[in-house]
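So the chains spell out like this:
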Amino acid sequence: MAWEVYTFGNGDVLTQIFIAVKGVMSDANYKGLITLVVTLGLFLSFWQAFWEGNKFSIPWKTWLATIMIIGALFTPRTDVIIRDEVKNTQTLVENVPWGLGAFASFFTSVQKSIAKLFDKYFSLPDDLKFTNSGYAFGLTALDTAPESVIMDPYLMATVSSFIAKCTLVEVVAGVKDFNDILTSDDLLSALATTNTAFQSKIYTPSTPSGEWKTCKEVYDYIKAELPNHVTNDVAPYFAKRITGLTGINTYLTTEILNKLGVAGQFFLNTSLTGQKMLEQSVLANAFWKGADLFSLEYGDTAKYSVVSAARKTSFGWGLSAEMAKEFIPLIQQLLEGLILGLFPVMFIISLFPGRMKAIQVYITLLLWLTLWVPAEAIVNLMACSRADEIL
């Protein structure tokens, strides 16, 4: 039987802690320490019995209790499955001391059940609830998305050149309205052109110096290539940044994008999907690079001033909010790791006389830790509700 241990965003750290605890408690030095402590405990019990008038029932009780603790918490081994409810991962750690597996499974199951019960009656969208996405996921995603950029240098050069030589030229000529572009919820469509009078370059690995094409041809190329680039490169990288995972599969990337879209709908009242929000972001960042190229190309101080001033205007769905969304989960994860990681120390202390106090303290710490996850669910509701009012 494998015990299931639940966590919310701390699965990778807990995996390392369980592996470390297993290694420590299997090490010959640790076993030697157990022998030393048991011997010392028996000596102290005999010493106590001697001074209390030959109450030799004390050593036998000590010995029996020691055997029971070692037999229950140390000797049996079990497998543990660490399930990260936020990152949607599960990791198997084999041959963990039974006591650690049982304690961790019981108390994390209780905290998961209580947190889900709270979330069930909260008014947040399911994808923004703590037990589904972690603390303040929506706000973190919306803060991170605007930092996304085109990762393919050839496509980036193509888009920047198009903006400089086509889009901004049409703005100056009065064909396009600059403010309409800045406030557009769909930049890719806002940049559309049928202009064949002007030209820009398409950069590819086979033509690194660029190939001249009409503005319409370049736009058609960007319209076809950009969504694929966002899906295959930008979105997985965004998902890695959000989750902290090094390996991201298509399913998890899609799930993260869906949650980004839900966050945009809830906080910003936008109908954009997560995919479109990333497209918006990479084009917004490319737009400013194109603006720099435009100013260098044409050297018109007045035009450059207009473009530079526009940097102060945010795109329609942009977010500028900072919250303490990093520290609350960090504290909880730190405490979770410390309390579970100190199991070998607790076990050694429990072999001394007065062992029940040590076990009681450890169980009290686990109970206290259990309250953190429901508390985070409540704070997550408060943070999201207040952010929704502000935004």
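To start, this report covers the structure provided alongside it. (Residues numbered from 1 in each chain as written. Predicted model: local features only at pLDDT ≥ 70, side-chain atom pairs only at ≥ 80, totals over all residues. Heavy atoms only, no water.)

Quick word on the packing of helix 6 (residues 137-144) against helix 11 (residues 250-268)
Working step 1: Close contact between helix 6 and helix 11 brings their axes to 9 Å; oriented N to C, the two are set at 95 degrees. The orientation of helix 6 relative to helix 11 falls into the category roughly perpendicular. Counted together, Phe137, Gly138, Leu139, Ala141 and Leu142 of helix 6 and Ile256, Lys259, Leu260, Ala263, Gly264, Phe267 and Leu268 of helix 11 form the full contact between these two elements.
Working step 2: Tallied by class, residues from the contact of helix 6 with helix 11 come to 9 nonpolar, 2 polar and 1 charged. (Axes fitted to C-alpha atoms, helices over the stretch in contact; angles between N-to-C directions. Helix = DSSP H or I, 4+ residues; strand = E, 2+ residues; numbered from the N terminus. Parallel < 35°, antiparallel > 145°, perpendicular 65-115°, else oblique. Contact = heavy atoms within 4.5 Å. Nonpolar A, V, L, I, M, F, W, Y, C, P; charged D, E, K, R; others polar.)

With respect to the side chain of Lys129
Working step 1: Tracing the sequence through the fold places Lys129 in the loop between helix 4 (98-120) and helix 5 (130-133).
Working step 2: According to the relative accessible area criterion, Lys129 is buried, its value standing at 8%.
Working step 3: Every residue in contact with Lys129, bar those within four places of it in the chain, is listed here: Asp119, Lys120, Phe122, Leu124, Gly134 and Asn380. (Buried < 20%, exposed > 50% of the residue type's maximum accessible area, 1.4 Å probe, protein only.)

Observations concerning the state of the cysteines
Disulfide: a covalent bond formed between the sulfur atoms of two cysteine residues.
Working step 1: Across all of its chains, the model carries 1 disulfide by this definition.
Working step 2: Two residues, Cys166 and Cys215, share a disulfide whose sulfurs are 2.0 Å apart. Torsion about the S-S bond of the Cys166 and Cys215 cystine: about -85 degrees, corresponding to left-handed handedness. Taken together, the residues Cys166 in helix 7 (residues 153-173) and Cys215 in helix 10 (residues 215-243) connect sequence positions 49 residues apart. Residues Cys166 and Cys215 agree in their burial class; the two are buried. (Disulfide = S-S within 2.5 Å.)

Here we look at the nonpolar core
Working step 1: Counting residues in each nonpolar core, the largest one holds 69 residues, and the members touching the most others are Phe162, Leu226 and Leu278.
Working step 2: When contributions to this core are tallied by element, the ones reaching two or more residues are helix 6, helix 7, helix 8 (178-182), helix 9 (187-190), helix 10, helix 11, helix 12 (274-298) and helix 17 (372-390).
Working step 3: Take this core: its biggest share by element is 11 residues, from helix 10.
Working step 4: Among residues more than four places away in sequence, those in contact with Leu278 are Ala145, Ser148, Val230, Val234, Ala235, Phe238, Leu257 and Leu260.
Working step 5: Within the second largest apolar cluster, 35 residues are counted, among which are Ile69, Val80, Val96 and Phe107. (Core = buried A, V, L, I, M, F, W, Y, C linked by side-chain atoms within 4.5 Å.)

A closer look at the pattern of salt bridges
Working step 1: All chains considered together, the criterion is met by 11 salt bridges.
Working step 2: Between Glu85 and Lys112 there is a salt bridge, with the nearest N and O atoms lying 3.9 Å from each other. Remark: Lys112 occurs in helix 4 and Glu85 occurs in the loop between strand 2 (77-84) and strand 3 (89-97); sequence separation between them is 27 residues.
Working step 3: We classify Lys112 as buried; its relative accessible area is 18%.
Working step 4: Members of the salt-bridge network, linked through shared partners, are Asp186, Lys276 and Glu279. (Salt bridge = Lys/Arg side-chain N within 4 Å of Asp/Glu carboxyl O.)

Focus on the side chain of Gln275
Working step 1: Secondary-structure assignment places Gln275 in helix 12.
Working step 2: Among the polar contacts made by the side chain of Gln275, one reaches the side chain of Thr231 at a distance of 3.0 Å.
Working step 3: Gln275 has contacts with Pro227, Val230, Thr231 and Leu257, leaving out every residue within four places of it along the chain. (Polar contact = N/O pair within 3.5 Å; in protein donor to acceptor, adjacent residues only side chain to side chain.)

Here we look at the sheet that holds strand 3
Working step 1: Spatial ordering of the open sheet is given by 1-2-3, a layout of 3 strands whose pairing is mixed. The outermost strands of the open sheet, each flanked by one partner alone, are strand 1 (2-7) and strand 3. Sheet twist, expressed as the mean angle between neighbouring strand axes with direction ignored, is 25 degrees.
Working step 2: With 7 bridges connecting them, strand 2 and strand 3 associate as antiparallel partners. In the strand pairing of strand 3, Val80 is matched with Val93.
Working step 3: Packing of helix 1 (residues 11-26) onto the sheet brings it into contact with strand 1, strand 2 and strand 3, and relative to strand 3 it is tilted by some 15 degrees.
Working step 4: Sheet contacts for helix 4: strand 1, strand 2 and strand 3; angle to strand 1, the most-contacted strand, approximately 45 degrees. (Pairing = 2+ DSSP bridges.)

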